[in-house]
Structure formats: structure tokens, C-alpha cells
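Chain by chain, the residues run as shown.
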Amino acid sequence: MIASDIDRIDHSVLYTTDMDATAATYEALGFTLSPLSMHLGSDRPGGERRPMGAGNRCALFGRTYLELLGLFGDGSADPWNVRPLIEQYEGLHGYSFGCAGIEAAEQRLRAAGLSSSGVLPLQRDVPTPGGVATARFQAVHLDRALTPEGLIHVAHHLTPELIHQPRHLEHANGATGLHSVLLVVDDADLEDTVDRYALILDTEPAAEGPLRVLPLPLGRVEIVAVSAFRAMLPGEPVPVLPYMAGQTVTVRDVRAARELVEGNGFSTGDLPGGFHVGAAQARGAALAFLEG
């Protein structure tokens, strides 16, 4: 068994019913977005790939990315039952953790009682300079009853070169990667949630002030009790608990990134080593920028 089968936060997933407005917001925040790409997938191993009622645009960084996932159609195509999530709020509802060995990850997660999905196929057509090509993935989904915060899965890219195309990797804000995601939980649930993510990620948690941090070779999960979160980011909403409250990207020059973001009409707040834009402006999840 490969102990470190999960090696990064592959991407975060921000759900929206208004892709045009959400994409315009993230472009104004300084991100280059990939063109709209519609998903095909199966709800069981070996099953027929069918339209999923969803498509994405992404801010890509080479190994990690931010996914803006738009929901389309009348809702009849919703194999992963994500629409009830956005009835609570539109914003972050998913994390995807990357791995090199999907079979090893599936075996470990199943043995731990965390997943019963098996290895699932997913694909979407993407434009390339040479024409449309089909990007293919494999995924293992965590059982939803164990992840009340949202849809969590482990992904293996079979065609990463089709996703992280060089023409999409340069961003006006200088973004270079997805640094972290922030999960807010009820104070009484903090320890159990940290233990659960330590089991999912097969990593040891550490304390950094009020944060519990679960580090990966690339990226990290940050978990905080709601009482401490209200002190960290005063005024930020907490529509439900648990709540995927925010995410952080690294940028080459945090001062230049802030000038661009503020110049495009966003209000910002100070953070140690960087700044943030609140959830109300960033389409449902706080977005922080750190130099790195």
C-alpha cells in the first residue's frame, strides 16, 4: 500500500447557477479562465457516461486549480445530487484531492470505511489549439453521509496535459497555485472533523493558532471552529455548519495583486502576509491571496 497516495489538493469546486456572472467575477479578480467544458460521467464503475447537468470553467495553475462548476438544464440530470447543496447557498461545496495511484487510494479509503464508490470514470471535451479533445479522469467519491460539508473526492488525471494547457496558466493577478481550503465547523465537532480528514488524507494534523492544519505535499486543508472563525474574519457569513468558507491562492507579488483586485472594484481586508476578498464579492466563498 502506498502511504502517500493523496499528494495534493487537486482543485476546489465552487458551485453556481449563474456561470456568466461567476466567471466575470473571477476574471475581474485577475484569473484567466478556461472555456466552458461540459461533464460526462457515470455513477458506478464501468457505467455508461451520461451528461451530468454541469460544466466548468477553471483557473489553472499547472498542478492545481480553482473550478467554477455551473449547473445547467432543468435539474433532471444530477447524478451526484449536488443541487440540494446549492439550495443552502451558492459557493464552495467540493474538494478534489489528487493522487498518482487511484487504485491504492480507493483500497485505503474503502478499508477505512470512507468510500464505497469504487473507481469511477469521468470525461469532458476541451478545446485545444489543435481542436477539441477529450480529457479523461478517474475518481473515488467519499460517502456523502460522512462528508456533510460537501462532495469530496480523490481524482486521478489520465490526460493532465489537456487540462493544464500553457495558454491558460498565466493570470493577471500573478496566481501560481491553490494554497489551501478553509472548513468551518461547530466547536463541538472540531476534533472529530480533524480526525476524519487526517484519516481521509493519511496525514498528521498540526495546530497553528486557532487553525488545525492538515498538510499535503502540495496544499493543505485548514479547519477552524466557528467561534474562532468569527474572530478571524469578522462579518463573514456562516450559512450552515459545516461550511466550506474560503480558499487561498498564492501569487507572485501580493501588492500588485491587491492593486489589480482593488482597481477592479473589490473591497479587500488585511491578512498576515496577504489580503482577502469576502464571500459576498467572490460568489459565495472568501478568497485570500498570499505571496508564494
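Scroll up a little and you will see the structure.
Numbers given for residues are sequential positions, taken from 1 along each chain in its written order. With the structure being a predicted model, the display of local features is reserved for residues of pLDDT at least 70 and the display and counting of side-chain atom pairs for 80 or more, all residues being used for whole-chain, interface and lining totals. The basis for every side-chain value is the complete set of non-hydrogen atoms in the structure, without hydrogens or water.

### Considerations on the overall build of the chain
In this description a helix means any DSSP run of H or I spanning at least four residues, a strand means any run of E spanning at least two, and both kinds are numbered starting from the N terminus. For the chain, the helix and strand inventory stands at 7 helices and 16 strands. Taken over the C-alpha trace, the chain has a radius of gyration of 18 Å; the compact-globule value for 292 residues is 19 Å, and the two agree within 12%. Projected onto the principal axes, the alpha-carbon positions of the chain cover approximately 50 × 45 × 35 Å. Exposure classes here rest on a 1.4 Å probe applied to the protein chains alone. A residue is buried below 20% of its type maximum, exposed above 50%, and partly exposed in between. Looking at the chain as a whole, 57% of its 292 residues qualify as buried. In this description, contact between two residues means that some pair of their heavy atoms is separated by no more than 4.5 Å. Contacts in the chain between residues at least 24 apart in sequence constitute 68% of all its contacts with a sequence separation of at least 6. Accessible areas in this description were obtained via Shrake-Rupley with a 1.4 Å probe; residue shielding takes into account the shown protein chains only. Only carbon and sulfur atoms are counted for the fraction: they give 52% of the accessible area of the chain, which is about 11900 Å². The positive count covers Lys and Arg only, the negative count covers Asp and Glu only, and His and the chain ends enter neither. A single reference atom marks each charge: NZ on Lys, CZ on Arg, CG on Asp, CD on Glu. Counting 21 positive and 36 negative side-chain charges, the chain places the centres of these two groups 5 Å from one another. The atom set for the radius of gyration is the C-alpha atoms, and the globule formula is 2.2 Å times the number of residues raised to the power 0.38.

### Comments concerning the layout of surface pockets
As defined here, a cavity is a set of points on a 1 Å grid over the protein atoms alone where a 1.4 Å probe fits but cannot get out. A pocket is an open set with protein on both sides within 12 Å along at least five of seven lines, and residues line them when an atom is within 4 Å of a point. Grid points are joined across faces, edges and corners, and a volume is the space filled by probe spheres set on the points. When its volume is computed, the largest pocket comes out at roughly 400 Å³. Secondary-structure elements contributing two or more residues to the lining of the largest pocket are strand E9 (175-185), strand E12 (220-225), helix H6 (226-232), strand E13 (243-251) and strand E16 (286-291). For the lining of the largest pocket, the per-class residue count stands at 13 nonpolar, 6 polar and 3 charged. Side-chain classes follow a simple rule in which Ala, Val, Leu, Ile, Met, Phe, Trp, Tyr, Cys and Pro form the nonpolar group, Asp, Glu, Lys and Arg form the charged group, and the remainder, Gly included, forms the polar group.

### Points about empty space enclosed by the protein
Summed over the entire model, instances satisfying the criterion amount to 2 cavities of 30 Å³ or more. Within this model, the second largest cavity holds a volume of roughly 80 Å³. Every residue lining the second largest cavity is listed: Ser34, Pro35, Cys58, Leu60, Arg124, Val126, Pro127, Leu162, Ile163, Gln165 and His168. Listed by contribution, the elements that provide at least two residues to the lining of the second largest cavity are strand E3 (50-60), strand E6 (120-128) and helix H4 (160-163).

### So, helix H1 (residues 19-28)
Every buried residue of H1 is accounted for by Met19, Thr22, Ala23, Thr25 and Tyr26. Buried residues of H1, seen end-on, are gathered within an arc of 155° and therefore sit on one face of the element. Where H1 terminates, the next one or two residues include Gly30, which has phi positive at roughly 105°. Picture the helix axis, draw a direction to every C-beta atom, and the arc is the one those directions span.

### Describing the sheet that holds strand E15 (residues 274-277)
Pairs of strands are assigned from DSSP output, requiring at least two bridges between the strands. The 8 strands lie next to each other as E10-E11-E12-E9-E13-E16-E15-E14, forming an open sheet whose pairing is mixed. Either end of the sheet is taken by a strand with one partner, and the two such strands are strand E10 (206-208) and strand E14 (269-271). The sheet shows a mean angle of 30° between the axes of neighbouring strands, taken without regard to direction. Two strands pair when backbone bridges link them, and E10 and strand E11 (residues 211-215) are joined in this way by 3 bridges, in the antiparallel orientation. Opposite Glu208, over in E11, you have Leu211 as the bridge partner. Of the strands in this sheet, E9, E11 and E12 touch helix H5 (residues 190-201), which is tilted by about 170° from E12. Axes here refer to lines fitted to C-alpha atoms; in helices the fit is confined to the stretch in contact. Angles between the N-to-C directions go from 0 to 180 degrees.

### Quick word on the packing of aromatic side chains
Stacked, edge-to-face and tilted labels apply to pairs of Phe, Tyr and Trp rings (six-membered ring for Trp) whose centres lie within 6.5 Å, assigned for plane angles under 30 degrees, over 60, and everything in between, in that order. Counted under the stated rule, the structure contains 6 aromatic pairs. For the ring pair Tyr89 and Tyr243, a centre distance of 5.2 Å and an interplane angle of 80° mean the geometry is edge-to-face. Pair noted here: Tyr89 is in the loop between helix H2 (83-88) and strand E5 (92-99) and Tyr243 is in strand E13, with a separation of 154 residues, a long-range link. Both residues of the pair, Tyr89 and Tyr243, count as buried. Ring plane angle 65° and centroid distance 6.3 Å describe the contact between Tyr95 and Phe97, whose orientation is recorded as edge-to-face. Accessibility assignment for this pair places Tyr95 and Phe97 in one class, buried. Taken together, Tyr26, Phe31, Phe61, Phe275 and Phe289 form an aromatic cluster joined through their ring pairs.

### Here we look at the state of the cysteines
Cysteine sulfurs are considered disulfide-paired once they come within 2.5 Å of each other. Tallied over the full model, the rule gives 0 disulfides. We note that Cys58 lacks a disulfide partner, and the nearest cysteine sulfur, in Cys99, lies 18 Å from it. Judged by its relative accessible area of 1%, Cys58 is buried. According to the relative accessible area criterion, Cys99 is buried, its value standing at 2%.

### A closer look at the pairing of E13
Strand residues, when the strand is regular, have side chains that alternate between the two faces of the sheet. Counting buried positions over the 9 residues of E13 gives 9, a clear majority of the element. Taken together, the 8 bridges between E9 and E13 define a ladder with antiparallel strand orientation. The residue bridging Val181 from the neighbouring strand is Gln247, located in E13. The sheet contact formed by E13 and E16 spans 6 bridges and is parallel. Counted as the bridge partner of Gln247 is Leu287 from E16.

### Some details on the side chain of His11
One can find His11 in strand E1 (residues 6-16). Judged by its relative accessible area of 4%, His11 falls in the buried class. A polar contact is formed between the side chain of His11 and the side chain of Glu67, at a distance of 3.1 Å. Every residue in contact with His11, bar those within four places of it in the chain, is listed here: Tyr65, Glu67, Tyr95, Ser96, His153 and Leu178. Polar contact is defined as a pair of N or O atoms within 3.5 Å, subject to the rule that within protein one atom must be able to donate a hydrogen and the other to accept it, and that residues adjacent in sequence are counted only when both atoms are side-chain atoms.

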